[in-house]
Number of protein chains: 2
Amino acid sequence: MYEVKDWEHVFKLDPANEIDDSTLQQVCESGTDAIIIGGTDNVTLDNVLDLMSRVRRYTVPCALEISNLESVIPGFDRYLVPAVLNSSNVTFHNGLLIEALKQYGHMIDFEEFTMEGYIVMNPDSKVAKLTAADTTLSEDDMYAYGQMVNHFYKFPVCYLEYSGTYGDVTMLKTLKAACPDTRLIYGGGIENLSQALEMKQYADTIVVGNVIYKDLKRALETVKIKAQKG
Amino acid sequence: MYEVKDWEHVFKLDPANEIDDSTLQQVCESGTDAIIIGGTDNVTLDNVLDLMSRVRRYTVPCALEISNLESVIPGFDRYLVPAVLNSSNVTFHNGLLIEALKQYGHMIDFEEFTMEGYIVMNPDSKVAKLTAADTTLSEDDMYAYGQMVNHFYKFPVCYLEYSGTYGDVTMLKTLKAACPDTRLIYGGGIENLSQALEMKQYADTIVVGNVIYKDLKRALETVKIKAQKG
């Protein structure tokens, strides 16, 4: 369960959001395959360290999705490195990674890192604004991105991110058709089991995030996709 | 010899340059491992097609290094796809590739394509200007780029391009130290055997280009690196 390829369901916790101990316990003991810690704004060394150490009370695997250099700390089972493929700013293709390697390249275990080909699709999200992502992709564009990840970049993971809004299942289906050999992660706006099931038709891994903070019961129900598969 | 990993020495021919039949024959029958057709300016469907068909009189493998969409034609043994890692314009990271996939993605054999992590280092070269490459990389930067290609992007090939000028062997050595599992290609300014040998200490593959048009005899001598290796 320490490899992304083994994850069907994950919860993503934003270190900038408050979460009480009882909620965190229920999330960590829910049967989800992993906890991803990641966010866009106000991700700091302190709040990442705090959240990681609280998650570490439980046996669930814990991964950090890297969003800035300040908050990269040791102690995670896995580090996810997003390359925002539809960003118009090279910083979010490989610029942050180069800076990270200049600082930490001499001391890291490369086996713990997983490249994610990231496609950001909600124009109103913080991540789309930060990365100046082209969120106007057509289905043809989406198919081309999928082919690129699968056949050219050969990243282990492609992540379709609708951050904060429920995405277009047709786009997800198109992307999956183009990248059969790539682990496809879907994240964005999943608030109940039926939405999780809809996206799980095409995504290999479902990420559930914001609803944890709004309606824990519904969030926990989404873990049932693991039982209902196949 | 149809795979980049088998190439120790290649000649690169610019389709925008004139080359007479006798010169072309000597280049193709030199014992080089492959001919790469590629350039920056004035690479057109017509001149690529013309040069490829002339090279096809000989048995030497022939690859196209893709620089624009108009000049991509069938009939090559291999297609090299550069991602210019130190470009400040996302077009040269993945933008051209996305456009190519939208046009040709339905009909191409992905096995024929090889991704190259490209690092452009001569600020006065056409390719550096076109791609707005950051050619001011330090040795630490170069090492980080190598680690990125080897451990994160895991491209089969990393290409250090000093296009038109003889490069810094220390930079090449640094890059090789950072990417032990990646085929390292060096190109730029090699005009004689001793320069070819110097760069071959650290590069897995040496590219010889401009000197073909200036001093054929010296160009042909560089093929001797194949005999003198290890």
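All values reported here derive from a predicted model rather than from experimental measurement.

### Description of the interface of chain B and chain A
Thought 1: Facing the 28 residues of chain B at the interface are 28 residues of chain A.
Thought 2: Across the chain B/chain A interface, buried area totals approximately 2,600 Å², and carbon plus sulfur atoms make up 70% of it.
Thought 3: Its largest share of buried area at the contact with chain A, chain B owes to F110(B), F152(B) and Y153(B), together 27% of the area lost on that side.
Thought 4: For K102(B), the salt bridge is made with D141(A), and the minimal N-O distance between the two is 2.5 Å.
Thought 5: The tally of links between chain B and chain A comes to 8 residue pairs in polar contact (both at pLDDT 80 or more).
Thought 6: Every element with two or more residues in the side of chain B that touches chain A is listed here: strand 4 (78-84), helix 3 (95-104), strand 5 (113-120) and helix 5 (139-153) of chain B.
Thought 7: When residues of the side of chain B that touches chain A are assigned to their parent elements, the largest contribution, 9 residues, is made by helix 5 of chain B.
Thought 8: Considered class by class, the residues forming the side of chain B that touches chain A number 17 nonpolar, 8 polar and 3 charged.

### Thoughts on the UniProt feature "binding site: Mg(2+)" (unreviewed entry) in chain A
Residues and elements named next belong to chain A.
Thought 1: In this numbering, the UniProt entry assigns the feature "binding site: Mg(2+)" (unreviewed entry) to D14 and T40. Spatial clustering of the annotated residues is evident: they stretch over 27 residues in sequence, but the largest pairwise C-alpha distance comes to 8.3 Å.
Thought 2: Here D14 is to be found in the loop between strand 1 (9-13) and helix 1 (21-28).
Thought 3: Beyond its immediate chain neighbours, meaning those up to four positions away, D14 contacts G38, G39, L51 and Y213.
Thought 4: Looking at the secondary structure, you find T40 in the loop between strand 2 (34-37) and helix 2 (45-55).
Thought 5: Once residues within four sequence positions are removed from consideration, T40 is found in contact with K126, V127 and L130.

### Let's talk about unusual backbone geometry
The bulk of non-glycine residues show a negative phi, and the bulk of peptide bonds are trans.
Thought 1: Unlike most non-glycine residues, N42(B) shows phi in positive territory, near 55°.
Thought 2: The exposed category is assigned to N42(B), whose relative accessible area is 59%.

### Looking at the UniProt feature "binding site: sn-glycerol 1-phosphate" (unreviewed entry) in chain A
All names here are of chain A.
Thought 1: In the numbering adopted here, UniProt assigns the feature "binding site: sn-glycerol 1-phosphate" (unreviewed entry) to K12, Y159, L160, E161, Y162, S163, G164, G189, G209 and N210.
Thought 2: Following the sequence through the fold, L160 ends up in strand 6 (residues 157-161).
Thought 3: The class of L160 is buried, set by a relative accessible area of 0%.
Thought 4: The topology assignment puts G164 in the loop between strand 6 and helix 6 (169-178).
Thought 5: On the basis of relative accessible area, G164 is assigned to the exposed category, the value being 54%.
Thought 6: Contacts of G164, omitting those with residues within four sequence positions, involve N122, G188, G189 and N210.

### Points about the relation of the copies chain B and chain A
Thought 1: Mapping chain B onto chain A is achieved by rotating through 180° and translating by 0.0 Å along the same axis, at an RMSD of 0.0 Å. In the structure described here, the two chain copies are related by an operation that fits a two-fold rotation axis. In terms of C-alpha distance to the rotation axis, chain B has V90(B) as its closest residue, with the C-alpha 2.9 Å off the axis.
Thought 2: In this assembly, 100% of the residues forming the interface of chain B have copies in chain A that are likewise at the interface, indicating an isologous arrangement.

### Section: the sheet that holds strand 1 (residues 9-13) of chain B
Residues and elements named next belong to chain B.
Thought 1: Strand order in the closed barrel made by the 8 strands is 1-2-3-4-5-6-7-8, with parallel pairing throughout. Across the sheet, the mean angle separating the axes of adjacent strands is 30° when strand polarity is ignored.
Thought 2: Sheet analysis places strand 1 next to strand 8 (residues 205-208), joined by 3 bridges and oriented parallel. Bridge assignment links V10 to a residue of strand 8, and that residue is V207.

Thresholds, definitions, all that
Residues numbered from 1 in each chain as written. Chains lettered and ligands numbered in written order. Predicted model: local features only at pLDDT ≥ 70, side-chain atom pairs only at ≥ 80, totals over all residues. Heavy atoms only, no water. Contact = heavy atoms within 4.5 Å. Buried area = accessible area lost by both parts, 1.4 Å probe. Salt bridge = Lys/Arg side-chain N within 4 Å of Asp/Glu carboxyl O. Polar contact = N/O pair within 3.5 Å; in protein donor to acceptor, adjacent residues only side chain to side chain. Helix = DSSP H or I, 4+ residues; strand = E, 2+ residues; numbered from the N terminus. Nonpolar A, V, L, I, M, F, W, Y, C, P; charged D, E, K, R; others polar. UniProt positions renumbered as here; feature names shortened; annotations may be inferred. Buried < 20%, exposed > 50% of the residue type's maximum accessible area, 1.4 Å probe, protein only. Least-squares fit on C-alpha atoms with pLDDT ≥ 70 in both. Pairing = 2+ DSSP bridges. Axes fitted to C-alpha atoms, helices over the stretch in contact; angles between N-to-C directions.

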